[in-house]
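# Per-entry structural report
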Amino acid sequence: MVQGKQLAIRGLMAAEWVGMAYLLFTLVVMACVWSRLPNVVDMLVLRGGYIAATLAAMLVYRRFPSRWTLLLRVIVQMVFLSWWYPDTYELNRTLPNLDHVFAQWEQSVFDCQPSLLFSQKVPYGWFSELMCLGYVSYFPLMLITYLYYFFRRYQELPMAAFVMLSSFFAYYVVFVVVPVTGPQFYYLAVGTEKIAAGIFPNLGDWFLTHSERMAAPGWTDGFCYHLLDITHDAGERPTAAFPSSHVGVTTVVMLLALRTRSKGLVFTILPFYILMCLSTVYIYAHYAIDAIAGLITGIVIYYALSAVYTKNRPFHRDF
């Protein structure tokens, strides 16, 4: 028996079970659209790699149960999030694009396109840098929160991992079945003149073969702007616009920070959270309705997942 209060998790963690369930869901979707998938082999390799890495991390933990091997399991899941994200594009681009519906909805709600106008109304270089900084802080904010739970609230680390990782998979399910690319792709495909005139054509399966995006607005020589550009070049795809998972997951992170009652953690996360909510619209990544939906769903997802985890404590126990 290990001395001290350690966590012992037999089998898969709750977060890993959710990942496996998402994998099964995507396999079912793949079977339904198999003939339209251009990268089937790569997609199957990803799933095989995910299973192998998840089981390997579990076995390492079983052989050497410790705080660090538990953290390793969480990090493995975080790494695969960046692989699952572009995978949503491989699936949803086989469906008819819905941006014309959401752009029209945006126009009806605001009588304009906030994403098109935001950077025009606030064209300052320093503001652009803040917006870019907020957007690229996405994964660092999650890592900071994980590490806080790891060092200061270790017994709650599996809960934090379950809530945060499951929130991603909840959004990914929506992204697979609701193919919306967001302004940076739709505006470019249609033309900003038409968008400004309130013309929102149905592009059908345009994004099945097109993935060009608009450059983000702002100070193009800025350091944070370059970080954003690198991030976009590495993994951005015409997918995942509604609702904004950047806003939604960061809302979950903010609520996890509030749960700790640590003023230091809360006031570290808070300014970046505010920047994130604004930046998604400023850099053309999302319609304003996406950001609003991300905020609402983030709150709902946090409390729903927290309740699910509390009700199903058998996923973990103490030594």
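Use the structure listed above.
Computed from a prediction, not measured in an experiment: that's the story for all the values here.

About the cut-offs
Residues numbered from 1 in each chain as written. Predicted model: local features only at pLDDT ≥ 70, side-chain atom pairs only at ≥ 80, totals over all residues. Heavy atoms only, no water. 1 Å grid on protein atoms, 1.4 Å probe; cavity = no way out; pocket = protein on both sides within 12 Å on 5 of 7 lines; lining within 4 Å. Points joined across faces, edges and corners; volume = space filled by probe spheres on them. Nonpolar A, V, L, I, M, F, W, Y, C, P; charged D, E, K, R; others polar. Disulfide = S-S within 2.5 Å. Buried < 20%, exposed > 50% of the residue type's maximum accessible area, 1.4 Å probe, protein only. Helix = DSSP H or I, 4+ residues; strand = E, 2+ residues; numbered from the N terminus. Expected span 1.5 Å × (residues − 1). Contact = heavy atoms within 4.5 Å. Salt bridge = Lys/Arg side-chain N within 4 Å of Asp/Glu carboxyl O.

## Focus on empty space enclosed by the protein
This structure, assessed with the given rule, holds 2 cavities of 30 Å³ or more. For the largest cavity, the calculated volume is near 70 Å³. Together, 13 residues line the largest cavity, and Asn-92, Arg-93, Asn-97, Pro-179 and Phe-207 are the ones closest to its centre. A per-class count over the lining of the largest cavity returns 7 nonpolar, 4 polar and 2 charged.

## As for the state of the cysteines
All told, the structure shown has 0 disulfides when counted by the stated rule. Summary of cysteine pairing: Cys-112 is not part of a disulfide, and the nearest cysteine sulfur, belonging to Cys-277, is at 19 Å. For Cys-112, a relative accessible area of 23% translates into the label partly exposed. Looking at the unpaired Cys-132, the closest cysteine sulfur is the one in Cys-224, lying at 6.8 Å.

## Thoughts on helix 13 (residues 263-282)
For helix 13, with 20 residues, the first-to-last C-alpha span of 29 Å sits near the 28 Å given by 1.5 Å per residue. By the burial criterion, the buried members of helix 13 are Leu-265, Val-266, Ile-269, Tyr-273, Leu-275, Met-276, Ser-279, Thr-280, Val-281 and Tyr-282. Looking at the buried side of helix 13, the elements it contacts are helix 5 (114-121), helix 6 (125-136), helix 7 (138-152), helix 12 (245-260) and helix 14 (288-311).

## Some words on the pattern of salt bridges
Between side chains of opposite charge, a pair can form as their charged atoms come close. The tally for this structure, following the rule as stated, stands at 7 salt bridges. With its nearest N and O atoms 3.6 Å apart, the salt bridge here joins Arg-213 to Asp-229. With Arg-213 in the loop between helix 10 (192-196) and helix 11 (223-235) and Asp-229 in helix 11, this pair connects stretches of sequence that are 16 residues apart. Accessibility expressed as a relative area gives 27% for Asp-229, which makes it partly exposed. The closest approach of N and O atoms between Arg-213 and Asp-233, which form a salt bridge, is 2.9 Å.

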